[in-house]
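# A structural walkthrough
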Amino acid sequence: MKRSLMVLTALVCSSVSLAATVAEVKKKGVLVLGTDPTFAPFEFKGPDGTVQGFDIDIARAVAKDLGVRLEIRAVGFGALMPQAVTSGRVDMAMSGITITAERAKVVAFSAPYYRSAQVFIVRGGNPGKFAWPADVKGKVVGVQANTTGQFVADEVLKPKGATLKAYDDFAAGLADVRAGRIAALVGDAPTVADLKKRLPGQFAQAGADLAAEDYGMVFARGSDLAAAANRTLARMKADGSYQALLNKWIVQK
Ligand code: ARG
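Looking at an unreviewed UniProt entry, the chain carries the name ABC transporter substrate-binding protein, with the source organism given as Deinococcus rufus. Checking UniProt for the chain, the heading Subcellular location (unreviewed entry) contains the comment "Cell envelope". The UniProt entry for the chain carries this comment under Sequence similarities (unreviewed entry): "Belongs to the bacterial solute-binding protein 3 family."

For the chain, the count of helices and strands is nine helices and 13 strands. Its C-alpha atoms give the chain a radius of gyration of 20 Å, within 12% of the compact-globule value 18 Å for 253 residues. Expressed along its principal axes, the backbone C-alpha trace of the chain runs to roughly 65 × 50 × 30 Å. For the chain, the proportion of its 253 residues judged to be buried stands at 39%. A fraction of 74% describes how many contacts in the chain between residues 6 or more apart in sequence connect residues 24 or more apart.

A word on the site of the ligand. Taken together, the residues surrounding the ligand are Asp36, Thr38, Phe39, Glu43, Phe77, Ser95, Gly96, Ile97, Thr98, Thr147, Thr148 and Asp188. Tallied by class, the residues present in the shell around the ligand amount to three nonpolar, six polar and three charged. Taken together, domain 1 (9-113 + 216-249) and domain 2 (116-213) each give at least three residues to the shell around the ligand, which thus spans both.

Packing of helix 3 (residues 54-66) against helix 8 (residues 225-239) brings their axes to within 9 Å, and their N-to-C directions diverge by 110°. Here helix 8 runs roughly perpendicular to helix 3, going by the angle between their axes. Contacts between helix 3 and helix 8 pair Ala61, Val62, Asp65 and Leu66 from the former with Ala228, Ala229, Thr232 and Met236 from the latter. By residue class, the composition of the contact of helix 3 with helix 8 is six nonpolar, one polar and one charged.

Contact geometry for helix 3 and helix 9 (residues 241-249): axes closest at 10 Å, N-to-C directions at 155°. By the angle class used here, helix 3 and helix 9 are roughly antiparallel. Every pair of crossing elements has a handedness; the one defined by helix 3 and helix 9 is right-handed. Side by side, helix 3 and helix 9 meet where Phe54, Asp57, Ile58 and Ala61 of the first sit next to Ser241, Leu245 and Trp249 of the second. A class-by-class count of the residues in the contact of helix 3 with helix 9 yields five nonpolar, one polar and one charged.

To continue, consider helix 7 (residues 189-198). When helix 7 is considered as a whole, its buried residues turn out to be Ala189, Pro190, Thr191, Val192 and Asp194. Tucked into the core, helix 7 has its buried residues touching strand 2 (38-39), strand 8 (114-123), strand 11 (184-188) and strand 12 (203-215).

If a residue is not glycine, its phi is most likely negative; likewise, a peptide bond is most likely trans. Note the cis peptide between Ala40 and Pro41, where omega equals 10°. Of note, Pro41 is situated in the loop between strand 2 and strand 3 (43-45). Look at the link from Met81 to Pro82: it is a cis peptide, with omega at 0°. Tracing the sequence through the fold places Pro82 in helix 4 (residues 77-86). Positive phi, close to 55°, is recorded for Asn126, a residue that is not glycine. Tracing the sequence through the fold places Asn126 in the loop between strand 8 and strand 9 (140-144). In this model, Lys129 sits at a positive phi of 55°, which is unusual for a non-glycine residue. Classification of Lys129 by C-beta neighbours within 10 Å gives exposed; the count is 11.

Relative to the helices and strands, Val30 resides in strand 1 (residues 30-35). Look at Val30 and you get partly exposed, because 15 C-beta atoms sit within 10 Å. In contact with Val30, not counting residues within four places along its chain, are Val68, Arg69 and Glu71.

Okay, the domain arrangement of the chain next. Split into domains, the chain comes out as domain 1 (9-113 + 216-249) and domain 2 (116-213). The straight-line distance from the C-alpha centre of domain 1 to that of domain 2 is 27 Å. Of the residues lining the interface, 10 residues belong to domain 1; the matching set on domain 2 comes to 11 residues. When contributions to the side of domain 1 that touches domain 2 are tallied by element, the ones reaching two or more residues are strand 2 and helix 4. It is helix 4 that provides the largest number of residues to the side of domain 1 that touches domain 2, a total of three residues. Looking at the side of domain 1 that touches domain 2 residue by residue, the classes come out as five nonpolar, five polar and no charged.

So, how was this worked out
- Residues numbered from 1 in each chain as written.
- Predicted model: local features only at pLDDT ≥ 70, side-chain atom pairs only at ≥ 80, totals over all residues.
- UniProt positions renumbered as here; feature names shortened; annotations may be inferred.
- Helix = DSSP H or I, 4+ residues; strand = E, 2+ residues; numbered from the N terminus.
- Rg over C-alpha atoms; globule rule 2.2 N^0.38 Å.
- Buried ≥ 20, exposed ≤ 12 C-beta atoms within 10 Å, placed from the backbone.
- Contact = placed C-beta atoms within 7 Å.
- Near = placed C-beta within 6 Å.
- Nonpolar A, V, L, I, M, F, W, Y, C, P; charged D, E, K, R; others polar.
- Domains from an automatic or database assignment.
- Axes fitted to C-alpha atoms, helices over the stretch in contact; angles between N-to-C directions.
- Parallel < 35°, antiparallel > 145°, perpendicular 65-115°, else oblique.
- Left-handed = near helix turned anticlockwise from the far one by under 90°.

So this is what it looks like as structure tokens:
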């Protein structure tokens, strides 16, 4: 009885100490953001090597409202979601992370901050005449491992007879699209739009969107940082700075 109580107390205490709180962040004077900076325009390395983008500017605003500085830690998406957050290695994660019910069982999400979608990207001009939902049967479709693109493709494309190929690195999937080794790659709409702008003619979007989704900021479950982030988001929507960031970073269709 006594022992099980001790074990329980230890468990509760350890889970509490993993979830960084507003008070702890203020005390250490820094908010540590985990992000996978391969996802323009949300997070990417600029020509000077610094990590920048829409998500980074929002995280900076959250840090500023808390009165602390932002420290950016680059983490691969597979390790970021959710281990970097649940282990307390970072205080928060922003990486174009889609809010899902499954993920919400292990991490806490802020309110949605960006409406996105999963779309198909094909070679410029769509020489393979790839279309969704008309024809995926017998086609090889690429996905990025551990992303919602992979989850929805497993659920929706596989039963329709598509063969899925998972890439750790989105750029490797793009190279295969360009070389015609795969029919299409599933990716997030705003990143695909950005890519089309940066590499005109090389890629095209094809068929209908696969799924609509919302991005959220990610925190450890039980942390009051999520509420703090929501206050910053509401403040930015009210004072126009959220709209200014949309205009600065996101390619409008
Ligand atoms: N929105 C997708 C997801 O949550 C993909 C995010 C990938 N982000 C990145 N920085 N690589 O799974």
